[in-house]
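Close look at the chain arrangement
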Amino acid sequence: MNSLFSQEVPLSWYLLLSAVLFSLGVIGFLIKRNLITVFMSIELMLNAVNLSFVTFAHEWHAVKGQIFVFFVMMVAAAEAAVGLAIIIAVFRARATLAVDRIDLMKL
Amino acid sequence: MNAYFHLRLIPLAPFAGFLINGILGRRLPKWLVTTVALIAPLAAFGLVLIAVLGCFGMGKGFIPAIASLPLTETCPLAWIDSGALHIDFSFVLDQLSLVMLLVVTGVGFLIHVYSVGYMSDDEGYARYFSFLNLFLFFMTVLVLAGNALVMFVGWEGVGLASYLLIGFYFQKKSAADAGKKAFIVNRIGDFGFLIGMFLLLANFGTLTFAAIGEKLTANPGWQGGVLTIIALCLLLGAAGKSAQLPLYIWLPDAMEGPTPVSALIHAATMVTAGVYMIARTHILFDHSPFALSVVAIVGAATALFAATIGVVQHDIKRVLAYSTISQLGYMFLGCGVAAYSAAIFHLMTHAFFKALLFLAAGSVIHAMGGEQDLCKMGGLWKKLPVTFAVTTVGVLAIAGIFPFAGFFSKDAILYAAYTQGANGRVLWFVGLVTALLTSFYMFRLWYKAFLGESRSPDVHPHESPLSMMVPLVILAALSICGGWIGMGRFGAFLAPSTGLKAAESGSAHLEVILSITAVAVALLGWLVADRFYRQRPGRAAQMAANNPGSYELVLNKYYVDELYGYTVVKPLLGFSKYLLGWFVDTALLGGGAWLLGGTATFAGALLQRWQSGNIRSYAAWLAAGAAAALLFIVVPWSTVWPASLNLIWKIAGH
């Protein structure tokens, strides 16, 4: 039976999904105001990249891509810890999480 | 040679004094400053004396045996080594520099001693002595120089020291201006010296005096031409430093400095550097009769010109300044008739008696509480007996009365001029008239300052301290017997350096007649001064009133300063102010700088909007950049570009 499920999912679909997720992340980063949402958008972008890594690892039967994913996850975890700490600090200091009001670096 | 005796130690001793007093002087106690300031020139003088003893075959113990002059000492490292150009930092000790060194360090030391008394109350005591030591350093470098470039180092250095010391009382505007004037006028002369050096390099490939001399001796037929130009350039340099026409104007103003400075720098040593330089490069002048006669004419003209101005000056130091210019003219006259050793002889005796006269004038000024006007002095001989006695010696010496020092040297120059042919007679006559004027104005000074009745009854002069008296007495002794060595022996000693001048038509008989004439003229000057200022004191003023035009002309120094002001200084200032200052500086350079800065500021104002402080805008730019990079990598530009260009081409209608 040549059904939809017996076939392999083509490579391009994975990549397309990865690109869509990445773009959603970028758009979320650009248009969202809440700092936590922005932070989540970054995570989304990272995971989109992770998806393309594992895709290629599967396609070429190479383990390198998977190792890379572990690295990215690890760094993302560290970054999440630091980032959340910053967010808490910012909230304590300014009582807001709106990114466009956190503009102390402005000239 | 002994291991410890080096020529370089002679300049280095005063230099060490300069460093110590210049850096630490303000913090050291006064007695230590004095000790350092006196030891430095004394050490230099001692080294020169040791060299003298060594030269006369007394090399024993710590005195080096100097077998033969010239003694050369070269710095082992090449100073300038660039292609064909090779210049060493070298010192040469020969008969000429030996005599000059004795004068410079000897008189220099005496004036240092005198300054201890004269400057004792001054705030800038340490500064004064550090400058004085600096001067001695550069002067000894100048004298010892083995090539023209080393000489130039000393030459510029003494100019610097002179500038610093003329403007010593820099709070006074006239003193600061006088320093600037001296420096700028000297620059004109230095320009000539520099051009002369470049021409020497171009034509000889070396600046070493000995090498130039050898080349010229090997080519006796090489006369005039470029040698004349070189000699005239050097003469311009010498005229600037030695205050000759037309560059003499700085010297009278230089009297703004402390009086011992006037004695050391502007009478005894620095201003004679021009004469020394001509004597040092005399071989060039010997190969150019034209340049030599220019030297003689400049010298004679300066001697007469300055003497006439000296007759009517009222400031005691200015009388002496014009007399210095006049006596320097004599030395140039001596050089101009190729009697270099006579010129150096006069340089030496002049250093003695003019330093004496200046220091005595300093003693008078000191006693009068800063008064320099001759008309307010008078009758000082009772109050200042020692000063009076030494001034009398100095006046007799400069007037050329037998057997004082000035007689021998002046006579040697006049004799050399007289035996120089028909033109020489004219020079001799000018020299004789100058001698008459010299005698007159010096005795005028003598009468006005020391004899007659006191004209300032409320001033109570007192004799100066011992440290000022001792140098005066020593210099007085030198002014009496400095000439007794005689021109013959002196010339014979200097002959290896300056050559012996063969008199064309001289004889002992003629020499005696000329000497008697010179002394008679000097006595005549005395007689006239006596008539004017002792017997009938009102006569001079009456004569001045009868000839107001000529009196004003001379009193105002022939309006030369004003003439230079209108013809040179004013146009130059206008040129600097409007063309250079306004157009070039403000408009071109300032405008250009403003344009550059403005562009940067404007671009910054535009670009700073990027730095919005908004994270999302940064992220958007980041994303846009990433997208652009992606586009650049993904799109196959090598095929897209030609295709799109083709398309445009077709649309355009081809």
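Think of each chain on its own: its residues are numbered from 1, step by step along the sequence as written. Lettering of chains starts at A and numbering of ligands starts at 1, both following the order in which they are written. This being a predicted model, a pLDDT of at least 70 is required before a residue's local features are given, and a value of 80 or more before pairs of side-chain atoms are given or counted; all residues contribute to the totals for chains, interfaces and linings.

Bringing the overall build of chain B into the picture now. Think of it this way: any DSSP run of H or I at least four residues long counts as a helix, any run of E at least two long counts as a strand, and we number them from the N terminus. Assigned secondary structure in chain B consists of 27 helices and 4 strands. Per-residue burial for chain B yields a buried fraction of 49% across its 654 residues. We call two residues in contact when their backbone-placed C-beta atoms lie within 7 Å. A sequence separation of at least 24 residues applies to 80% of the contacts in chain B between residues at least 6 apart. The burial criterion counts other C-beta atoms lying within 10 Å of a residue's C-beta, which is placed from the backbone; the residue is buried at 20 or more, exposed at 12 or fewer, and partly exposed between these limits.

Take the overall build of chain A next. Counting its regular elements, chain A contains 3 helices and 0 strands. Ordered by position from N to C terminus, the α and β elements of chain A give α-α-α. Just to be clear, the radius of gyration here is over C-alpha atoms, and the globule rule we use is 2.2 Å times residues to the power 0.38. A compact globule built from 107 residues would reach a C-alpha radius of gyration of about 13 Å, whereas chain A, at 18 Å, exceeds it by more than 25%. In terms of overall dimensions, chain A has C-alpha extents of about 60 × 25 × 25 Å along its principal axes. Within chain A, the proportion of its 107 residues that are buried is 9%.

Looking now at the interface of chain A and chain B. Counting from both sides, the interface comprises 10 residues of chain A and, opposite them, 10 residues of chain B. In the scheme used here, Gly and all other residues not listed as nonpolar or charged are polar, with Ala, Val, Leu, Ile, Met, Phe, Trp, Tyr, Cys and Pro taken as nonpolar and Asp, Glu, Lys and Arg as charged. Looking at side-chain class alone, the side of chain A that touches chain B contains 7 nonpolar, no polar and 3 charged residues.

Residues and elements named next belong to chain B. In strand 4 (residues 90-93), alternate side chains face the same way, and those of Ser90 and Val92 on one face and Phe91 and Leu93 on the other are all buried. Taken together, the 4 bridges between strand 1 (residues 71-74) and strand 4 define a ladder with antiparallel strand orientation. Across the sheet, Thr72 pairs through a bridge with Val92, a residue of strand 4. Here the rule is simple: two strands pair whenever DSSP picks up at least two bridges between them.

Let's shift gears to unusual backbone geometry. All names here are of chain B. With an omega of 0 degrees, the peptide bond running from Leu245 to Pro246 counts as cis. Tracing the backbone shows Pro246 in the loop between helix 8 (226-241) and helix 9 (250-253). Phi angles above zero are rare outside glycine, and Ala243 is one such case at about 55 degrees. As for its position among the elements, Ala243 is in the loop between helix 8 and helix 9. The buried category is assigned to Ala243, around which 29 C-beta atoms lie within 10 Å.

Moving on to the nonpolar core. Nonpolar core, as used here: buried Ala, Val, Leu, Ile, Met, Phe, Trp, Tyr and Cys residues forming one set through C-beta atoms within 7 Å. Membership of the largest hydrophobic core comes to 212 residues, with the highest contact counts inside it found for Phe135(B), Ala343(B), Ala355(B) and Leu356(B). With near-sequence residues (within four places) excluded, Ala343(B) lies in contact with Val275(B), Ala279(B), Met331(B), Gly334(B), Cys335(B) and Ile413(B).

The next thing to look at is the packing of helix 15 (residues 340-367) of chain B against helix 17 (residues 385-399) of chain B. Working note: a packed helix pair is described by the angle between its axes plus the distance between those axes. Residue and element names in this part refer to chain B. Interhelical geometry of helix 15 versus helix 17 gives an angle of 145 degrees and a closest axis separation of 9 Å. When you trace helix 15 past helix 17, the crossing you get is left-handed. Contacts between helix 15 and helix 17 pair Phe353, Leu356, Leu357, Ala360, Ser363 and Val364 from the former with Thr387, Val390, Thr391, Gly394, Ala397 and Ile398 from the latter. In the contact of helix 15 with helix 17, the residues fall into 8 nonpolar, 4 polar and no charged. Think of each axis as a best-fit line through the C-alpha atoms, taken over the contacting stretch in the case of a helix, with angles from 0 to 180 degrees between the N-to-C directions. By convention the crossing between two helices is left-handed if the near helix lies anticlockwise of the far one by an angle smaller than a right angle, and right-handed if it lies clockwise.

Turning our attention to helix 3 (residues 95-118) of chain B. One fewer than the residue count of a helix, multiplied by 1.5 Å, yields its expected span. Here helix 3 of chain B spans 34 Å end to end across 24 residues, near enough to the 34 Å set by a 1.5 Å rise per residue. Taken across its 24 residues, helix 3 of chain B has 23 buried, putting it largely inside the fold.

Along the chain, Ile474(B) turns up in helix 20 (residues 466-481). When the C-alpha positions of Ile474(B) and Val36(B) are compared, they lie 22 Å apart, and in sequence the two are 438 residues distant.

Right, let's get into the environment of Cys481(B). The residue Cys481(B) is located in helix 20 in this model. Put simply, Cys481(B) and Phe404(B) are 77 residues apart on the chain and 6.5 Å apart in space, counted from C-alpha to C-alpha.

Bringing the confidence of the model for chain B into the picture now. Confidence scores labelled pLDDT are given residue by residue by the predictor and lie between 0 and 100. Residue-level pLDDT values for chain B average 87, and 97% of them are 70 or greater. Interface confidence in the predicted complex, given as ipTM, is 0.75; pTM for the same model is 0.77.

As a further point, take the packing of helix 1 (residues 9-24) of chain B against helix 2 (residues 30-55) of chain B. Residue and element names in this part refer to chain B. The N-to-C vectors of helix 1 and helix 2 enclose an angle of 175 degrees; their axes lie 8 Å apart at closest approach. If you check the angle between helix 1 and helix 2, you find them roughly antiparallel. In contact with Leu9, Ile10, Ala13, Pro14, Ala16, Gly17, Ile20 and Asn21 of helix 1, helix 2 contributes Val33, Val36, Ala37, Ala40, Pro41, Ala43, Ala44, Leu47 and Val48. Its residues assigned to classes, the contact of helix 1 with helix 2 shows 15 nonpolar, 2 polar and no charged. With respect to orientation, any angle under 35 degrees is reported as roughly parallel, any angle over 145 as roughly antiparallel, any angle of 65 to 115 as roughly perpendicular, and every other angle as oblique.

Here we come to the environment of Leu84(A). Residues and elements named next belong to chain A. Looking at where Leu84 falls in the secondary structure, it is placed in helix 3 (residues 64-94). The exposed category is assigned to Leu84, around which 12 C-beta atoms lie within 10 Å. Taking the C-alpha atoms as reference points, Leu84 and Pro10, 74 residues apart in sequence, are found 38 Å from one another.

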